[in-house]
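# Examination of the molecular architecture
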Amino acid sequence: MKKTQLPNEKRTNLSALGGQMLFQEGDATSAYRVLKGEVLILRQGRVVDLVEAGELLDARIWPGAMAVAWTECTLEAVRPQPQPLTPSIPAAFFDRALAYAA
């Protein structure tokens, strides 16, 4: 299956050795796709999750946690650009609404 790139997504590959910290508590900007290896998610010194190859490693999923490479890892940094929160509304909708109000 071919992976598609999301619109406005910038990618950079990173390597990490086992034991290397990938993000720490309070870092809400780190997002990676794990291409190879395993990453431990720790909260207050306890393991709460294991992220494996093919999975998304995003600091926003585990607030107050840190991520440490458990094995040698290859990561793909994913930094989606902010998208508008409101859906686009077709102009025809406004035209009909104005015609109805008149």
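As a reminder, the structure under discussion sits directly above these lines.
A brief structural summary. In this text, all values refer to a predicted model and were calculated from it rather than measured experimentally.

## Brief notes about the overall build of the chain
- Looking only at helices and strands, the chain features one helix and eight strands.
- Reading the chain from its N terminus to its C terminus gives the helix and strand order β-β-β-β-β-β-β-β-α.
- Going through the 102 residues of the chain one by one, you find that 27% of them count as buried.
- Restricting the contact set of the chain to residue pairs at least 6 apart, pairs at least 24 apart contribute 68%.
- Of the accessible surface of the chain, which amounts to about 7,500 Å², a share of 58% is contributed by carbon and sulfur atoms.

## Details of the pattern of salt bridges
- Evaluated as defined, the whole model comprises two salt bridges.
- With a closest N to O distance of 2.7 Å, Asp58 and Arg60 form a salt bridge.
- Judged by its relative accessible area of 7%, Asp58 falls in the buried class.
- By relative accessible area, which is 55% here, Arg60 ends up exposed.

## Things to note about the side chain of Asp58
- Along the polypeptide, Asp58 turns up in strand β6 (residues 56-58).
- Once residues lying within four places of it in the same chain are set aside, the contact partners of Asp58 are Phe23, Ser30 and Ala31.

## Quick notes on the environment of Leu75
- Mapped onto the elements, Leu75 comes out in strand β8 (residues 73-80).
- The class for Leu75 is buried, based on a relative accessible area of 1%.
- When the C-alpha atoms of Leu75 and Leu35 are compared, they prove to be 5.4 Å apart, with 40 residues separating the residues in sequence.
- Residues within four places of Leu75 in sequence aside, it is in contact with Thr12, Asn13, Leu14, Leu22, Tyr32, Arg33, Val34 and Leu35.

## Considerations on the sheet that holds strand β4 (residues 38-43)
- The strand order across the open sheet built from four strands is β2-β7-β4-β5, with neighbouring strands paired in antiparallel fashion. Strands at the two margins of the open sheet, each flanked by one partner only, are β2 (21-23) and β5 (46-52). Across the sheet, the axes of successive neighbouring strands diverge by a mean angle of 30°, strand direction being ignored.
- Inspection of the sheet shows β4 paired to β5 by six bridges, in the antiparallel sense. Bridge pairing links Leu42 to Val47 in β5.

## Examining unusual backbone geometry
- You will see that Gln44, though not glycine, has its phi angle at about 55°, which is positive.
- Judged by relative accessible area, which is 79%, Gln44 ranks as exposed.

## Topic: the environment of Arg79
- Mapped onto the elements of the fold, Arg79 is located in strand β8.
- In this structure the C-alpha to C-alpha distance between Arg79 and Ser30, which are 49 residues apart in sequence, comes to 7.9 Å.

Definitions and cut-offs
- Residues numbered from 1 in each chain as written.
- Predicted model: local features only at pLDDT ≥ 70, side-chain atom pairs only at ≥ 80, totals over all residues.
- Heavy atoms only, no water.
- Helix = DSSP H or I, 4+ residues; strand = E, 2+ residues; numbered from the N terminus.
- Buried < 20%, exposed > 50% of the residue type's maximum accessible area, 1.4 Å probe, protein only.
- Contact = heavy atoms within 4.5 Å.
- Areas by Shrake-Rupley, 256 points an atom, 1.4 Å probe, with all protein chains shown as cover.
- Salt bridge = Lys/Arg side-chain N within 4 Å of Asp/Glu carboxyl O.
- Pairing = 2+ DSSP bridges.
- Axes fitted to C-alpha atoms, helices over the stretch in contact; angles between N-to-C directions.

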